[in-house]
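Remarks on the overall topology
Residue-level listing of the chains:
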Amino acid sequence: MNFSSKLLEDAVNEFSKLPGVGQKTALRLVLHLLNKEQEEVNQFGNTFIKLKQQIKHCTTCHNISDYVVCEICTSHKRDKETICVVEDTRDVMAIENTAQYFGVYHVLGGLISPMDGVGPTDLFIDGLVSRVAAGGIKEIILALSPNMEGDTTLFYLYKRLKEFNIPVTTIARGIAFGGELEYTDEITLGRSIITRVPYETAMMK
């Protein structure tokens, strides 16, 4: 793609680094911003600078938050005895959109993937084990994407949590293998949470 301006080219290159954004889409976005008033462009840029500088991760569940402890963890309306374990913040948002789950979460920050050099120590697994060891937890729901990395992580977590003698369940497989939780429609995901099954039962299927 030929550019009439080095500044324009640099801006397009930065936008095209975003996932799913090619150069044509990046160019369209940059030209759109160029047509905006200076104040609007400043606000656009400052929003992301503020996000990067001020965003926090909940010290309890590791979800992205405006506060040291997120609003879900501090809410009196949430069932603190049930923890739903997910890969990342996108999965928390997907499950919250179903309006079918009222417990709290634990965000792992990824999935075990030896091919990508991601092991158990790279994730927030020890924090989950510590929460369970502290007592007061009656169920752990493992809500991970049904793919190789998700299944590997499920098995590892089950082995780590088995000693505590509390129910460890997994969401029902209404989601196709290889799918991602964040892209699953709300009805299917909601039903998968409601019809969750013990992990040992899921392994035998």
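Check the entry above for the structure.
Residues numbered from 1 in each chain as written. Predicted model: local features only at pLDDT ≥ 70, side-chain atom pairs only at ≥ 80, totals over all residues. Heavy atoms only, no water.

**Observations concerning helix α5 (residues 89–98)**
- Taken as a whole, α5 has its buried residues at Thr89, Asp91, Val92, Ala94, Ile95 and Thr98.
- One or two residues past the end of α5 sits Ala99, with phi positive at roughly 55°. (Buried < 20%, exposed > 50% of the residue type's maximum accessible area, 1.4 Å probe, protein only. Helix = DSSP H or I, 4+ residues; strand = E, 2+ residues; numbered from the N terminus.)

**Focus: the nonpolar core**
- Ile95 and Ile140 are the most contacted members of the largest nonpolar core, which totals 40 residues.
- Of all the elements in the fold, those that place two or more residues in this core are α4 (71–74), β3 (79–86), α5, β4 (103–107), α6 (125–133), β5 (139–142), α7 (148–161) and α8 (186–194).
- In terms of nonpolar packing, the next biggest core, distinct from the first, is built from seven residues, Leu8, Val12, Val30 and Leu33 among them. (Core = buried A, V, L, I, M, F, W, Y, C linked by side-chain atoms within 4.5 Å.)

**Section: the state of the cysteines**
- All chains considered together, the criterion is met by zero disulfides.
- No disulfide involves Cys73; its sulfur sits 3.6 Å from the nearest other cysteine sulfur, which is in Cys70.
- On the basis of relative accessible area, Cys73 is assigned to the buried category, the value being 12%. (Disulfide = S-S within 2.5 Å.)

**Comments concerning the packing of aromatic side chains**
- Taken as a whole, this structure holds two aromatic pairs when the rule is applied.
- Aromatic side chains Phe44 and Phe48 sit 5.2 Å apart centroid to centroid with 65° between the ring planes, which places their arrangement in the edge-to-face category. Of this pair, Phe44 and Phe48 both sit in helix α3 (residues 38–54), four residues apart, which is roughly one turn of the helix.
- In this structure Phe44 comes out as partly exposed when scored by relative accessible area, which is 37%.
- When the ring of Tyr101 is compared with that of Tyr105, the centres are 5.2 Å apart and the planes differ by 65°; the resulting orientation is edge-to-face. Both residues of the pair, Tyr101 and Tyr105, belong to the buried class. (Phe/Tyr/Trp six-rings, centres within 6.5 Å; stacked < 30°, edge-to-face > 60°.)

**Looking at the side chain of Thr89**
- With respect to the element layout, Thr89 can be found in helix α5.
- Take Thr89: its relative accessible area is 17%, and that puts it in the buried class.
- Looking at Thr89, its side chain comes within polar contact range of the main-chain nitrogen of Ile64, at 3.5 Å.
- Excluding its chain neighbours within four sequence positions, the residues that come into contact with Thr89 are Asn63, Ile64 and Val107. (Polar contact = N/O pair within 3.5 Å; in protein donor to acceptor, adjacent residues only side chain to side chain. Contact = heavy atoms within 4.5 Å.)

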